[in-house]
Amino acid sequence: MTYGPPDSDAAGAEAVAGLLRRRREQIAQRWADLPLFQAVFTVTREEAVEACYSVIDSLAVVAESGRVEDLDAPGFDPIQRQLSAMTASRARAGLSTSQVDREVSALRDAAWDLLDAETVELGVEDTGEARVHLVTLFGTLRVVVIEAMLQENQEIILRQRQQLLEMATPVIKLWDRLVAVPLIGMLDSARSQVVMENLLEAIVEHKATIAILDITGVPTVDSLVAQHLMKTVASARLMGAECVISGIRPAIAQTIVQLGLDLSSVTTRATLADALQWALGRDQRGELPARGHL
Amino acid sequence: MPGASSIPVLDFGGLLLVSIQGELPDDAAVSLQEDITDAVVRTGSRGVIIDISSLDMVDSFLARVLAEIAASSRLLAARTVLVGMRPAVAITLVELGLSLPGMDTARTITDAAADFGVTIADTVQEERNTT
């Protein structure tokens, strides 16, 4: 698909570009009073008007090129930058995508009214062409805005996922040289990796000889989760720490058996309390080197 | 004969202590294996402690050599304990499927020595804890 303007369209494109250039001042003044610009540029009105100018000028460039449907058209780049920042700030203010979209549509109406005023000069046919171009141009502008909104939301999701990862995997020092990880929520590959790394780092830091992996808060255990747990246990063992998995609920024990997963090489306990008792008991029997205060 | 590996095998009160520093080329790893086996026979030691806390990376070859050291020492009635493996090394080995099942491990040399019934004085540990 090419965006080159057929001859019949050229007049409409030019009319829109001309309109935007001639009425730059009027459009900018109207836009600056709209909630979209008003809410973002709160300090001075001049700032808002300046921003309007830059958007209008860029729109005129797009209209002139005739590629009003093409997001890659030369003029859209600065618009994208300007509007992305603005919509991002509207999104942070708590507006939904459709609310922001409505605010952007309001921009079109200002230009629309001014086109009405020029009908006499342009002639009926050219005005019609100009209307089609104007509508298409602002349609594309809305796409730009929605894209910016989606990107902003995507970034929020990514940030929150990162926060969740950091929050959800604390390693607790329970006793001298004894650490525990209370796992809560579903374990996927990314989280398991973080859990493993955090636990192993903690083993080094605390010179831990026993690590308790408590899965009380893990809703389901499938073969993938079990595999991750086994890998963590194997890595900890290589580093000289023994792992015990605790908090295995009856349902999970049954699932593990039904899946045919072999956890026989791993010490397991029903509750964290049992695991703690086991860890401390092992120490008293002297099977592990006596340590610190024990 | 002190081998070509240039890694000293220290006789530490009946235990053999080996600390691998820096990168270990393949031929040096093989010489180390010979050195350790020789030393076990010469000293009649019952235990070998190998410290790898300064290694950033253990490849499959070195992992195999370590497993072979453990296996051959066991034939000579000496147990091998691997000490101080870093998290990244442990993760890599497990991902490669090299979890060294027959190998004993310990976090610190003190722990490994205690495994053999040798107590390293508490003062040493306290000193380390305070630094």
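Position numbers for residues count from 1 along each chain, tracking the sequence in the order it is written. Naming scheme: in the order in which they are written, chains are lettered from A and ligands are numbered from 1. Thresholds applied to this predicted model are a pLDDT of at least 70 for local features of residues and 80 or more for the giving and counting of side-chain atom pairs; totals over whole chains, interfaces and linings are not thresholded and use all residues. Side-chain measures here rest on the full set of heavy atoms in the structure, leaving out hydrogens and waters.

1. Observations regarding the interface of chain A and chain B
Piece 1. Only heavy atoms matter for contacts: two residues are in contact if any of them lie within 4.5 Å across the pair. In this assembly, 19 residues from chain A lie in contact with 23 residues from chain B.
Piece 2. Buried area: the accessible area, evaluated with a 1.4 Å probe, that two parts lose upon being put together, summed over both parts. When the buried surface of chain A facing chain B is broken down by residue, K207(A), R237(A) and L238(A) rank first, second and third, together holding 37% of it.
Piece 3. By salt bridge we mean one thing: a side-chain nitrogen of Lys or Arg within 4 Å of a carboxyl oxygen of Asp or Glu. Put simply, chain A and chain B have 2 salt bridges between them.
Piece 4. In this structure, D111(B) and R177(A) form a salt bridge, with 2.5 Å as the shortest nitrogen-oxygen distance.
Piece 5. Polar contact criterion, stated in full: a pair of N or O atoms within 3.5 Å, where within protein one must be able to donate a hydrogen and the other to accept it, and residues adjacent in sequence count only if both atoms are side-chain atoms. Taken together, the links from chain A to chain B amount to 7 residue pairs in polar contact (both at pLDDT 80 or more).
Piece 6. The set of elements that each furnish at least two residues to the side of chain A that touches chain B consists of α9 (189-206) and α10 (223-238) of chain A.
Piece 7. Runs of E in the DSSP output that reach at least two residues are strands. Runs of H or I that reach at least four are helices, and both are numbered from the N terminus. The element contributing the most residues to the side of chain A that touches chain B is α9(A), with 7 residues.

2. Focus: the nonpolar core
Piece 1. Nonpolar core, defined: a set of buried Ala, Val, Leu, Ile, Met, Phe, Trp, Tyr and Cys residues in which side-chain atoms within 4.5 Å join the residues together. The rule is simple: take the accessible area with a 1.4 Å probe, protein chains only, and divide by the maximum for that residue type; under 20% is buried, over 50% is exposed, in between is partly exposed. Counting residues in each nonpolar core, the largest one holds 63 residues, and the members touching the most others are L183(A), I203(A), L213(A), I215(A), I20(B), I50(B) and M85(B).
Piece 2. The greatest single-element share of this core, amounting to 7 residues, is contributed by α10(A).
Piece 3. Judged by nonpolar contacts, the second largest core, of 47 residues, contains W31(A), F41(A), L137(A) and V144(A).

3. Examining a nonpolar patch on the surface
Residue and element names in this part refer to chain A.
Piece 1. Taken together, the side chains of I172, L174, W175 and L272 present a nonpolar region at the surface, about 320 Å² in accessible area.
Piece 2. Broken down by element, the nonpolar patch gets its largest block of residues, 3 residues, from strand β1 (residues 172-175).
Piece 3. Mapped onto the elements, I172 comes out in strand β1. A residue counts toward a patch only above 30% relative accessible area and without a salt bridge, and it is joined to like-charged neighbours within 9 Å or, for Val, Leu, Ile, Met, Phe, Trp and Tyr, to nonpolar neighbours within 5 Å. Residue-level accessible areas treat just the shown protein chains as cover; the underlying method is Shrake-Rupley with a 1.4 Å probe.

4. Here's the deal with the sheet that holds strand β5 (residues 267-268) of chain A
Residues and elements named next belong to chain A.
Piece 1. Strand pairing is assigned whenever DSSP detects at least two bridges linking the two strands. Across the sheet, 5 strands lie side by side as β1-β2-β3-β4-β5; this open sheet has mixed pairing. Pairing within the sheet leaves two strands with one partner each, and these edge strands are β1 and β5.
Piece 2. By the bridge criterion, 6 bridges tie strand β2 (residues 178-184) to strand β3 (residues 210-217) in an arrangement that is parallel. Within β3, the residue paired with I184 across the bridge is G217.
Piece 3. The strands touched by α9 are β1, β2, β3 and β4 (242-246); relative to β2, the strand with the most contacts, the crossing angle is about 165°. In this analysis an axis means a line fitted to C-alpha atoms, helices contributing only their contacting stretch, and an angle means the value between N-to-C directions, from 0 to 180 degrees.

5. A few points about the packing of aromatic side chains
All names here are of chain A.
Piece 1. Centres within 6.5 Å make a pair out of two Phe, Tyr or Trp rings, where for Trp the six-membered ring is used; the pair is then stacked when the planes are under 30 degrees apart, edge-to-face when over 60, and tilted otherwise. Tallying each qualifying case throughout the model produces 3 aromatic pairs over all chains.
Piece 2. An angle of 15° between the planes, with centres 6.1 Å apart, marks the rings of W31 and F37 as stacked.
Piece 3. Taking the relative accessible area as the measure of exposure, F37 reaches 0% and is therefore buried.
Piece 4. Ring geometry for F37 against F41: centres 6.4 Å apart, planes inclined by 15°, an arrangement best described as stacked. With respect to burial, F37 and F41 carry one shared label: buried.
Piece 5. By the ring-pair criterion, three or more aromatic residues cluster together here, those being W31, F37, F41 and F138.
Piece 6. If you follow R131 out to its NZ or CZ, it ends over the ring of W112, 4.6 Å from the centre. By definition, being over a ring means that NZ of Lys or CZ of Arg is both within 6 Å of the ring centre and within 35 degrees of the ring normal.

6. Looking at the sheet that holds strand β1 (residues 9-12) of chain B
All names here are of chain B.
Piece 1. Spatial strand order, β1-β2-β3-β4-β5: 5 strands in an open sheet with mixed pairing. Lying at the two open borders of the sheet, with one neighbouring strand each, are β1 and β5 (104-106). Each strand axis lies, on average, 25° off the axis of its neighbour in the sheet, ignoring direction.
Piece 2. The sheet strands contacting helix α1 (residues 26-43) are β1, β2 (15-19) and β3 (47-51), and the helix crosses β2 at an angle near 160°.
Piece 3. On top of the sheet, helix α2 (residues 60-75) reaches β3 and β4 (79-83); it is set at about 150° to β4, its chief contact.

7. Quick look at the pattern of salt bridges
Piece 1. All chains considered together, the criterion is met by 13 salt bridges over all chains.
Piece 2. Its salt-bridge partner being R90(A), residue E103(A) comes within 2.7 Å of it at the nearest N-O pair. Here R90(A) lies in helix α5 (residues 76-92) and E103(A) lies in helix α6 (residues 97-117), a separation of 13 residues in the sequence.
Piece 3. Overall, E103(A) belongs to the buried group, its relative accessible area being 12%.
Piece 4. The class for R90(A) is buried, based on a relative accessible area of 11%.
Piece 5. With a closest N to O distance of 3.4 Å, R64(B) and E68(B) form a salt bridge. One end of the pair, R64(B), and the other, E68(B), are both in helix α2, 4 residues apart, so they sit about a helical turn from each other.
Piece 6. Taking relative accessible area as the criterion, R64(B) reaches 49% and is therefore assigned partly exposed.

8. With respect to the pairing of β3(B)
Residue and element names in this part refer to chain B.
Piece 1. Most of β3 sits inside the fold, with 5 of its 5 residues counted as buried.
Piece 2. Burial along β3 is two-sided: G47, I49 and D51 and V48 and I50, pointing in opposite directions, are all buried.
Piece 3. Of the strand pairs in this sheet, β2 and β3 are connected by 5 bridges, and their pairing is parallel. Bridge pairing links V18 to I50 in β3.
Piece 4. Clockwise travel from the first strand over the helix to the second, with the strands pointing away from the viewer, marks a crossover as right-handed. Note on the crossover from β2 through α1 to β3: the handedness is right-handed.
Piece 5. Relative to β4, β3 runs parallel, the two being bridged by 5 bridges. Note that in β4 the partner of D51 across the bridge is V83.

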